[in-house]
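# Geometric and topological summary
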Amino acid sequence: MELQYVSTRDASEVVSASQAILKGLANGGGLFVPTSIPKLDVSLQDLSKMSYQEVAYEILKLYLSDFTEEELKTCIARAYDDKFDTEEIAPMVYADGAYYLELFHGSTIAFKDMALSILPHLMITSARKNNVTNEIVILTATSGDTGKAALAGFAGVEGTKIIVFYPKDGVSPIQKQQMVTQVGDNTLVVGINGNFDQAQTGVKKMFADEAMAKELAEAGYQFSSANSINIGRLVPQIVYYVYAYTRLLANERIEEGEKINVVVPTGNFGNILAAFYAKNMGLPIDKLICASNENKVLYDFFKTGVYDKNREFVLTNSPSMDILISSNLERLIYRIAGEDASKNAQLMKLLTTEGKYEITPEMKEKLADFYGNFTSEAETAEVIRNLYEKTGYVIDTHTAVASGVYEQYKKDTGDTKATVIASTASPFKFARSVMGAIDEACLDMEDFALVDKLSEIANVEVPKAVEEIRSAEVRHKMVCEVDEMPQVVRDFLK
Ligand SMILES: *Cc1c(COP(=O)(O)O)cnc(C)c1O
């Protein structure tokens, strides 16, 4: 039977998986969610003997049930190939009492590659299945990592164009260099004078602009989204939690059925939501530990039941988590509201008009699986330095936020369950912050000198993604104001 997707804001909008992938966002700004979360139909033992690609198929077939086996297997094979620098795709490293699940072995060395290497293939397959002849225009706002991963995924893919907006002063030097050197005639990268939330709001507005959609359709284009609100990104992210669990099982680190904790450094709430889906599919996860940086809107939410974005936006050294509107949280709110679209829509309306909303005590009770905390900037640096000094293992700033929260969690609870920390970026991507944390004297060095120094002290080769941009030509120099975004899009498509 086919699994359907329904809008979190309108119970009457029901679509197939491929339609949900094509649309990205539901009408009226809702997000698509499966009408029920499917259960794993293969045993954990059997999964523990499978490759990453095989596990991916077992998960994707449950969620994308209008795709044929052949379609899915082709998409998977094209995504998880030698773009990744290890056959394991997502290897795990044990260091100082936790398992670091390294999700950064893809072409842009951040975890966004895990989903964005497959999304373009899912999208063109979806277009074909639905007889779409328009060219697909991917519009994306990025806090740094999505942009490059989406560009890498869509560059040169026939029948698509991709436009990426990033906050001009809100991404790391390496992130920026990665994006502005992107090749491919179907790509456009634009800095905006504003922060990530403004970029994201600007993109959402264009998606909701019916006049613009009509104008584009007449010119043979239609928008879609590569942001983490697309179900085609969420579903592939479930895979690595199942994979991680079954690797622990295969290596006899846990027994079948034993529960583990998962710690996720969180921004838009997509990655941790995938862990929540994995748990609800029957994967033995106990706590979902949500780690924030100083933009701790989620920590406050889990503590008080009030989501309040009215606060100062802090630029931190974990920029991919500098987010005050965690878009994917809506999918969780919808669920704890008893899958009541109108109740959810009311809360989301309050978020737009007042910048905040409060959930009911009954809804809050349903959040018992989650633990939230945050790590300050100073603590994040300390975590990186301590782990390095103790074990020689170097983690990036985002992963360090998670590691810091895990320490807090253990202090608060005394829980000693096996724990997987999602390691979301290579330390090379944030070499300045990472090296600065380990040795302040490094801060005088240039970006690429820092990269070489990091390679030396961590005893890890400089990743190809970083080598490539050392001398690459800057191809994208455009900067615009937030309210000019629609015009920039029109001009590019002319
Ligand atoms: C995007 C990103 C995050 C946050 O993930 P969400 O799914 O938005 O919560 C964390 N770390 C890194 C390195 C990222 O790129």
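Per chain, residue numbering runs from 1 following the sequence as it is written. Per-residue local features are limited, in this predicted model, to residues with pLDDT of at least 70; the limit for side-chain atom pairs, both in listing and counting, is 80 or more; totals at the level of whole chains, interfaces and linings are taken over all residues. To get the side-chain values, take all heavy atoms of the structure and skip hydrogens and water.

### A look at the overall build of the chain
Per the convention used, a helix needs a DSSP run of H or I reaching at least four residues, while a strand needs a run of E reaching at least two, with both numbered from the N terminus. Along the backbone of the chain there are 22 helices and 16 strands. Scaling as 2.2 N^0.38, a compact globule of 494 residues should have a C-alpha radius of gyration of about 23 Å, and the chain matches this with 21 Å. Overall, the chain is about 60 × 50 × 45 Å in size when its C-alpha atoms are taken along their principal axes. Counting all 494 residues of the chain, 61% fall into the buried class. Using the Shrake-Rupley algorithm and a 1.4 Å probe, accessible areas are obtained, with residue cover drawn only from the displayed protein chains. When the accessible surface of the chain is split by element, carbon and sulfur atoms take 46% of a total near 19100 Å². In this charge count, Lys and Arg are treated as positive and Asp and Glu as negative; neither His nor the chain ends contribute. Charged groups are reduced to one reference atom each: NZ for lysine, CZ for arginine, CG for aspartic acid, CD for glutamic acid. Here the chain contributes 49 positively and 70 negatively charged side chains, and the mean placements of these two sets differ by 3 Å. Our radius of gyration is a C-alpha quantity, and the globule rule it is checked against amounts to 2.2 Å times the number of residues to the power 0.38. A simple rule labels every residue: compare its accessible area, found with a 1.4 Å probe on the protein chains alone, to the largest value its type can have, and call it buried under 20%, exposed over 50%, or partly exposed in between.

### Digging into the sheet that holds strand E8 (residues 187–192)
Judged by pairing direction, the sheet is parallel, and its 5 strands sit side by side in the order E9-E6-E7-E8-E16 without closing on themselves. Strands with a single pairing partner mark the edges of an open sheet, and in this sheet they are strand E9 (221–225) and strand E16 (479–480). Strand pairing is assigned whenever DSSP identifies at least 2 bridges connecting the two strands. Pairing between strand E6 (residues 135–141) and strand E7 (residues 160–167): 6 bridges, direction parallel. Its bridge partner lying in E7, Ala-141 is registered against Phe-165.

### With respect to the site of the ligand
As a matter of local geometry, the ligand sits amid 15 residues, with Lys-112, Asp-145, Gly-267, Asn-268 and Thr-424 nearest to it. The term polar contact refers here to a pair of N or O atoms within 3.5 Å; inside protein, the definition further demands a hydrogen-donor-capable atom paired with an acceptor-capable atom, and it admits residues adjacent in sequence only when both atoms are side-chain atoms. Within the backbone of Gly-267, a nitrogen or oxygen atom sits 2.8 Å from an oxygen atom of the ligand. Within the backbone of Phe-269, a nitrogen or oxygen atom sits 3.1 Å from an oxygen atom of the ligand. When the ligand sits alone it has 380 Å² of accessible area, and the protein chains cover 98% of it. Looking at the shell around the ligand, its residues break down into 5 nonpolar, 8 polar and 2 charged. A cutoff of 4 Å decides nearness: a residue is near a molecule or strand if any of its heavy atoms lies inside that distance of it. Residues are grouped as follows: Ala, Val, Leu, Ile, Met, Phe, Trp, Tyr, Cys and Pro are nonpolar; Asp, Glu, Lys and Arg are charged; all remaining types, including Gly, are polar.

### With respect to the packing of aromatic side chains
By convention here, two paired aromatic rings are described through the distance between centres and the angle between planes. Aromatic rings from Phe, Tyr and Trp, taking only the six-membered ring of Trp, are treated as a pair when their centres fall within 6.5 Å; an angle between ring planes under 30 degrees marks them as stacked, one over 60 as edge-to-face, and anything in between as tilted. This structure, assessed with the given rule, holds 20 aromatic pairs. Summarising the aromatic geometry, the rings of Tyr-240 and Tyr-241 are spaced 5.0 Å apart at their centres and angled 50° between planes, so their arrangement reads as tilted. No difference in accessibility class separates Tyr-240 from Tyr-241, as the two residues are buried. For the ring pair Phe-269 and Phe-302, a centre distance of 6.4 Å and an interplane angle of 35° mean the geometry is tilted. On the criterion of sequence distance, the pair formed by Phe-269 in the loop between strand E10 (260–265) and helix H12 (270–280) and Phe-302 in helix H13 (residues 297–304) is long-range, its members being 33 residues apart. Since its relative accessible area comes to 1%, Phe-269 is described here as buried. Clustering of aromatic rings is evident, with ring pairs tying together Tyr-63, Phe-269, Phe-276, Tyr-277, Phe-301, Phe-302, Tyr-307, Tyr-357 and Phe-370. Placement of a positive charge over a ring is assigned whenever Lys NZ or Arg CZ falls within 6 Å of the ring centre and within 35 degrees of the normal to the ring plane. Of note, Arg-253 hangs over the ring of Tyr-94, and the distance from its end group to the ring centre comes to 5.8 Å.

### Side note on the sheet that holds strand E5 (residues 98–102)
The strand order across the open sheet built from 6 strands is E4-E5-E15-E10-E11-E14, with neighbouring strands paired in mixed fashion. Each end of this open sheet is capped by a strand with a single partner; those strands are strand E4 (92–95) and strand E14 (370–374). Adjacent strand axes in the sheet meet at a mean angle of 25°, parallel and antiparallel pairs treated alike. The sheet contact formed by E10 and strand E11 (residues 285–292) spans 5 bridges and is parallel. Opposite Pro-265, over in E11, you have Ala-291 as the bridge partner. Here H13 sits on the sheet and contacts E11 and E14; the angle it forms with E14, its principal contact strand, is near 135°. Angles shown run from 0 to 180 degrees and are taken between the N-to-C directions of axes, each axis being a line fitted to C-alpha atoms and, for helices, limited to the stretch in contact. Pairs of residues are marked as contacts when any of their non-hydrogen atoms sit within 4.5 Å.

### With respect to the pattern of salt bridges
A side chain with one charge can pair with a side chain of the opposite charge if their charged atoms come near. By salt bridge we mean one thing: a side-chain nitrogen of Lys or Arg within 4 Å of a carboxyl oxygen of Asp or Glu. Evaluation of the coordinates by the stated rule reveals 24 salt bridges. Measuring nitrogen to oxygen at the nearest pair gives 3.1 Å for the salt bridge that ties Lys-83 to Asp-81. For Arg-490, the salt bridge identified is with Glu-215, shortest N-O distance 2.8 Å. Taken together, the residues span a long stretch of sequence, with Arg-490 in helix H22 (residues 485–493) and Glu-215 in helix H10 (residues 210–218) at a distance of 275 residues. The exposure class of Arg-490 is partly exposed, given its relative accessible area of 25%. The class for Glu-215 is partly exposed, based on a relative accessible area of 35%.

### Let's talk about the environment of Glu-484
Mapping Glu-484 onto the fold places it in the loop between E16 and H22. A residue is classified by how much of its surface remains accessible, and Glu-484, at 38% relative accessible area, is partly exposed. Along the backbone, Glu-484 and Gly-202 are 282 residues apart, and their C-alpha atoms lie at a distance of 9.3 Å.

### Focus: the packing of helix H3 (residues 52–63) against helix H11 (residues 231–250)
Contact pair H3 / H11: the axes reach a minimum separation of 9 Å and the direction vectors enclose 130°. Considered as vectors, H3 and H11 are oriented oblique to each other. Seen from above, H3 lies across H11 with right-handed handedness. Here H3 contributes Tyr-52, Val-55, Ala-56, Ile-59, Leu-60 and Tyr-63 to the contact with H11, which in turn contributes Val-235, Pro-236, Ile-238, Val-239, Tyr-240, Val-242, Tyr-243 and Arg-247. Residues of the contact of H3 with H11, tallied by class, amount to 13 nonpolar, no polar and 1 charged. Angles below 35 degrees are treated as roughly parallel, those above 145 as roughly antiparallel, those between 65 and 115 as roughly perpendicular, and all remaining angles as oblique. Take the far helix as the reference: if the near one is turned anticlockwise from it by less than a right angle, the crossing is left-handed, and if turned clockwise, right-handed.

### Focus on the nonpolar core
With 116 residues, the main nonpolar core has Tyr-5, Tyr-63, Leu-64, Tyr-241, Phe-269, Ile-333 and Tyr-357 as its most contacted residues. Examining the composition of this core, we find that 13 residues originate from one element, H11, more than from any other. Non-local contacts of Ile-333, meaning those with residues more than four positions away in its chain, are made with Phe-301, Asn-344, Leu-347, Met-348, Tyr-357, Ile-359 and Met-363. Residues belong to a common nonpolar core when they are buried Ala, Val, Leu, Ile, Met, Phe, Trp, Tyr or Cys residues joined through side-chain atoms within 4.5 Å. Of all hydrophobic cores here, the second largest spans 41 residues; its members include Ala-291, Met-321, Ala-437 and Leu-450.

### Some remarks on the side chain of Thr-146
When you line up the elements, Thr-146 lands in helix H7 (residues 145–154). Under the relative-accessibility criterion, Thr-146 is labelled buried at 6%. Every residue in contact with Thr-146, bar those within four places of it in the chain, is listed here: Lys-112, Leu-116, Thr-140, Ala-226 and Arg-233.

### Focus on the pairing of E6
The buried count for E6 comes to 6 of 7 residues, which makes it a mostly enclosed element. When E6 meets E9, the two strands line up parallel, connected through 5 bridges. The partner of Glu-135 across the bridge, within E9, is Tyr-221. Once the chain exits E6 it traverses H7 before rejoining the sheet at E7, and the crossover so formed is right-handed. Handedness of a crossover is defined as follows: orient the strands so they point away from the viewer, and if the path from the first strand over the helix to the second runs clockwise, the crossover is right-handed.

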